[in-house]
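An overview of the molecular structure
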Amino acid sequence: MVEDLETSLFLEYARRKMAFEYDNEEVGELAVKILSTLIERNEAIPDETLALILGISATEIRRVLHVMHKAGLVGLIRESTDQYRYEYKWFINKDFIRKFLIQHINDVAAKLMRRINTLSTTTLYICPTCFRSYTLDEVYEYDFRCPRDDTELVQADAPSEIAFLTSTVKNLRREETG
Ligand SMILES: [Zn+2]
(Lines give C-alpha, C1' and ligand atoms only; values in the text may rest on other atoms or scores of the structure.)
Protein backbone atom coordinates (compact mmCIF):
# COMPACT_ATOMS: atom_id res chain seq x y z
CA MET A 1 0.00 0.00 0.00
CA VAL A 2 1.30 3.46 -0.90
CA GLU A 3 0.81 5.77 2.06
CA ASP A 4 0.70 9.54 2.03
CA LEU A 5 2.24 11.52 4.87
CA GLU A 6 -1.00 12.02 6.81
CA THR A 7 -1.84 8.33 6.68
CA SER A 8 1.60 7.23 7.84
CA LEU A 9 1.58 9.80 10.69
CA PHE A 10 -1.83 8.55 11.73
CA LEU A 11 -0.81 4.88 11.62
CA GLU A 12 2.38 5.57 13.55
CA TYR A 13 0.41 7.45 16.20
CA ALA A 14 -2.13 4.61 16.44
CA ARG A 15 0.64 2.00 16.74
CA ARG A 16 2.33 3.83 19.60
CA LYS A 17 -0.93 4.71 21.35
CA MET A 18 -2.23 1.13 21.31
CA ALA A 19 1.14 -0.40 22.25
CA PHE A 20 1.21 2.03 25.19
CA GLU A 21 -2.41 1.32 26.24
CA TYR A 22 -1.76 -2.43 26.37
CA ASP A 23 1.93 -2.18 27.21
CA ASN A 24 2.35 -4.60 24.32
CA GLU A 25 4.05 -3.93 20.95
CA GLU A 26 2.02 -6.69 19.26
CA VAL A 27 -1.26 -4.89 19.95
CA GLY A 28 0.24 -1.82 18.29
CA GLU A 29 1.08 -3.91 15.21
CA LEU A 30 -2.42 -5.43 15.18
CA ALA A 31 -3.98 -1.95 15.38
CA VAL A 32 -1.97 -0.88 12.30
CA LYS A 33 -3.05 -4.06 10.44
CA ILE A 34 -6.72 -3.37 11.23
CA LEU A 35 -6.52 0.31 10.28
CA SER A 36 -4.54 -0.38 7.07
CA THR A 37 -7.14 -2.94 6.04
CA LEU A 38 -9.95 -0.43 6.63
CA ILE A 39 -8.07 2.23 4.63
CA GLU A 40 -7.43 -0.22 1.76
CA ARG A 41 -11.05 -1.36 1.64
CA ASN A 42 -12.22 2.25 1.80
CA GLU A 43 -15.67 1.21 3.04
CA ALA A 44 -17.31 0.45 6.34
CA ILE A 45 -17.05 -3.24 7.27
CA PRO A 46 -18.22 -5.34 10.23
CA ASP A 47 -15.69 -6.84 12.68
CA GLU A 48 -16.47 -10.40 11.52
CA THR A 49 -15.31 -9.47 8.01
CA LEU A 50 -12.15 -7.89 9.41
CA ALA A 51 -11.52 -11.07 11.39
CA LEU A 52 -11.84 -13.19 8.23
CA ILE A 53 -9.53 -10.93 6.20
CA LEU A 54 -6.84 -10.85 8.91
CA GLY A 55 -7.29 -14.43 10.15
CA ILE A 56 -7.62 -13.28 13.77
CA SER A 57 -10.48 -14.03 16.16
CA ALA A 58 -13.39 -11.57 16.02
CA THR A 59 -13.33 -11.29 19.81
CA GLU A 60 -9.75 -10.03 19.85
CA ILE A 61 -10.36 -7.66 16.94
CA ARG A 62 -13.49 -6.27 18.61
CA ARG A 63 -11.57 -5.65 21.83
CA VAL A 64 -8.90 -3.65 20.01
CA LEU A 65 -11.49 -1.82 17.88
CA HIS A 66 -13.41 -0.63 20.94
CA VAL A 67 -10.29 0.78 22.57
CA MET A 68 -9.35 2.48 19.28
CA HIS A 69 -12.86 3.88 18.97
CA LYS A 70 -12.62 5.40 22.46
CA ALA A 71 -9.36 7.05 21.43
CA GLY A 72 -11.04 8.38 18.28
CA LEU A 73 -8.82 6.27 16.01
CA VAL A 74 -11.59 4.47 14.13
CA GLY A 75 -15.13 5.37 13.03
CA LEU A 76 -18.22 3.30 13.84
CA ILE A 77 -21.53 3.44 12.03
CA ARG A 78 -24.82 1.60 12.51
CA GLU A 79 -26.54 0.38 9.39
CA SER A 80 -30.00 -1.13 9.35
CA THR A 81 -30.00 -4.46 7.52
CA ASP A 82 -33.79 -4.65 7.50
CA GLN A 83 -36.61 -3.02 9.40
CA TYR A 84 -35.65 -4.48 12.78
CA ARG A 85 -31.98 -5.32 12.66
CA TYR A 86 -28.82 -3.28 12.77
CA GLU A 87 -25.28 -4.00 11.85
CA TYR A 88 -22.25 -2.18 13.21
CA LYS A 89 -19.49 -1.34 10.78
CA TRP A 90 -16.04 0.19 11.19
CA PHE A 91 -14.40 2.66 8.86
CA ILE A 92 -11.43 4.94 8.27
CA ASN A 93 -11.00 7.36 5.40
CA LYS A 94 -8.87 10.36 4.40
CA ASP A 95 -11.38 12.80 5.84
CA PHE A 96 -11.48 10.96 9.17
CA ILE A 97 -7.67 10.88 9.37
CA ARG A 98 -7.40 14.58 8.55
CA LYS A 99 -9.92 15.53 11.24
CA PHE A 100 -8.17 13.31 13.76
CA LEU A 101 -4.78 14.90 13.07
CA ILE A 102 -6.17 18.44 13.31
CA GLN A 103 -7.78 17.60 16.66
CA HIS A 104 -4.53 16.04 17.87
CA ILE A 105 -2.49 19.08 16.78
CA ASN A 106 -4.95 21.35 18.63
CA ASP A 107 -4.59 19.27 21.81
CA VAL A 108 -0.79 19.39 21.63
CA ALA A 109 -0.85 23.14 20.93
CA ALA A 110 -3.16 23.71 23.92
CA LYS A 111 -0.78 21.77 26.18
CA LEU A 112 2.17 23.81 24.95
CA MET A 113 0.24 27.04 25.53
CA ARG A 114 -0.41 26.01 29.14
CA ARG A 115 3.29 25.27 29.57
CA ILE A 116 4.19 28.68 28.13
CA ASN A 117 1.74 30.26 30.56
CA THR A 118 3.28 28.46 33.54
CA LEU A 119 6.78 29.44 32.46
CA SER A 120 5.90 33.08 32.15
CA THR A 121 4.09 33.35 35.47
CA THR A 122 6.17 31.17 37.82
CA THR A 123 9.79 30.43 38.47
CA LEU A 124 10.58 26.85 37.53
CA TYR A 125 13.61 24.76 38.34
CA ILE A 126 14.73 21.84 36.24
CA CYS A 127 16.70 18.72 37.03
CA PRO A 128 19.48 18.39 34.40
CA THR A 129 19.48 14.61 34.88
CA CYS A 130 15.80 13.60 34.58
CA PHE A 131 14.41 16.91 33.16
CA ARG A 132 11.58 17.06 35.69
CA SER A 133 10.54 20.57 36.62
CA TYR A 134 9.88 21.90 40.12
CA THR A 135 8.22 25.01 41.49
CA LEU A 136 10.08 27.34 43.83
CA ASP A 137 8.15 25.93 46.82
CA GLU A 138 9.21 22.40 45.92
CA VAL A 139 12.79 23.49 45.41
CA TYR A 140 12.96 24.82 48.98
CA GLU A 141 11.29 21.69 50.27
CA TYR A 142 13.85 19.49 48.49
CA ASP A 143 16.74 21.76 49.40
CA PHE A 144 17.66 22.45 45.74
CA ARG A 145 18.25 18.78 44.90
CA CYS A 146 16.16 16.46 42.72
CA PRO A 147 14.41 13.94 45.04
CA ARG A 148 14.70 11.24 42.36
CA ASP A 149 18.41 11.36 41.56
CA ASP A 150 19.91 13.93 43.97
CA THR A 151 21.11 16.20 41.13
CA GLU A 152 21.38 19.90 41.90
CA LEU A 153 18.37 21.75 40.42
CA VAL A 154 18.91 24.68 38.09
CA GLN A 155 16.56 27.52 37.27
CA ALA A 156 14.73 26.99 33.97
CA ASP A 157 15.82 29.27 31.17
CA ALA A 158 12.27 30.58 30.75
CA PRO A 159 12.81 33.09 27.89
CA SER A 160 14.52 30.58 25.58
CA GLU A 161 12.08 27.80 26.44
CA ILE A 162 9.14 30.12 25.80
CA ALA A 163 10.65 31.13 22.46
CA PHE A 164 11.11 27.49 21.52
CA LEU A 165 7.58 26.49 22.56
CA THR A 166 6.03 29.50 20.83
CA SER A 167 7.68 28.59 17.53
CA THR A 168 6.58 24.97 17.98
CA VAL A 169 2.96 26.07 18.43
CA LYS A 170 3.28 28.31 15.37
CA ASN A 171 4.56 25.39 13.27
CA LEU A 172 1.74 23.14 14.47
CA ARG A 173 -0.84 25.76 13.54
CA ARG A 174 0.73 26.13 10.09
CA GLU A 175 0.60 22.35 9.63
CA GLU A 176 -3.09 22.43 10.48
CA THR A 177 -4.04 25.16 8.02
CA GLY A 178 -1.58 24.15 5.28
ZN1 LIG B 1 16.14 14.44 38.56
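Note: the structure precedes this text.
Residues numbered from 1 in each chain as written. Predicted model: local features only at pLDDT ≥ 70, side-chain atom pairs only at ≥ 80, totals over all residues. Heavy atoms only, no water.

**Notes on the coordination of the zinc ion**
As a reminder, the rule being used: Atoms of type N, O and S within 2.8 Å of a metal are treated as its donors, and for Na, K and Ca the window is 3.2 Å; water is not considered, so some sites may appear to be missing partners. The buried label goes to any residue with under 20% of its type's maximum accessible area, the exposed label to any with over 50%, and the partly exposed label to all in between, with areas taken from a 1.4 Å probe on protein chains only.
Looking at the zinc ion, one finds its protein donor set to be Cys127 (SG), Cys130 (SG), Cys146 (SG), Asp149 (OD) and Asp149 (OD), positioned 2.2 to 2.6 Å from the metal centre. Mapped onto the polypeptide sequence, the residues donating to the zinc ion form the spacing pattern C-x2-C-x15-C-x2-D. For cysteine 130, a relative accessible area of 23% gives the class partly exposed.

**Structural notes on helix 4 (residues 58-70)**
Note the threshold: Strands are runs of DSSP state E lasting at least 2 residues, helices are runs of H or I lasting at least 4, and numbering of each runs from the N terminus. Working rule for helices: expected span equals 1.5 Å times residues minus one. The directions considered for the arc run from the helix axis to the C-beta atoms. Throughout, a contact is declared for two residues whenever any of their heavy atoms are within 4.5 Å.
Over its 13 residues, helix 4 extends 18 Å from the first C-alpha to the last, a length consistent with the 18 Å expected when each residue adds 1.5 Å. Restricting attention to buried positions, one finds in helix 4 the residues Ala58, Ile61, Val64, Leu65 and Met68. In a view along the axis of helix 4, the buried residues occupy a sector of 130°, so they form one face of it. Set apart from the buried face of helix 4 by more than 90 degrees, the exposed residues are Thr59 and Lys70. Buried-residue contacts for helix 4 involve helix 1 (5-22), helix 2 (25-41), helix 3 (47-54) and strand 2 (86-91). Positioned one or two residues after helix 4, glycine 72 has a phi angle of 75°, which is positive.

**Some points on the packing of helix 2 against helix 3**
Rules: Between the N-to-C directions of two axes lies an angle of 0 to 180 degrees, each axis being a line fitted to C-alpha atoms and, for a helix, fitted only over the stretch in contact. Angles below 35 degrees are treated as roughly parallel, those above 145 as roughly antiparallel, those between 65 and 115 as roughly perpendicular, and all remaining angles as oblique. Following the grouping adopted for this structure description, the nonpolar residues are Ala, Val, Leu, Ile, Met, Phe, Trp, Tyr, Cys and Pro, the charged ones are Asp, Glu, Lys and Arg, and the polar ones are all others, Gly among them.
Interaxial distance between helix 2 and helix 3 falls to 11 Å at its minimum, and their mutual angle equals 105°. Of the possible angle classes, the one that applies to helix 2 and helix 3 is roughly perpendicular. Residues Lys33, Ile34, Thr37, Leu38 and Arg41 of helix 2 form the contact with helix 3, whose own contacting residues are Thr49, Leu50, Ile53 and Leu54. Partitioning the contact of helix 2 with helix 3 into residue classes produces five nonpolar, two polar and two charged.

**Remarks on the pairing of strand 1 (residues 75-80)**
A regular strand places its side chains so that they alternate between the two faces of the sheet. To be explicit about the condition: At least two DSSP bridges between two strands are needed for those strands to be called paired.
Bridging between strand 1 and strand 2 involves six bridges; their strand directions are antiparallel. Looking at strand 2, one finds that leucine 76 is bridged to tryptophan 90. Counting the residues in the hairpin turn of strand 1 and strand 2 gives five residues.

**Points about the sheet that holds strand 3 (residues 124-126)**
The sheet built from three strands is open, its strands ordered 4-3-5 with antiparallel pairing. Edge strands, defined here as strands with exactly one partner in the open sheet, are strand 4 (133-135) and strand 5 (154-155). Bridge count for strand 3 against strand 4 is three bridges, and the pairing is antiparallel. Its bridge partner being in strand 4, leucine 124 is matched across the sheet by threonine 135.

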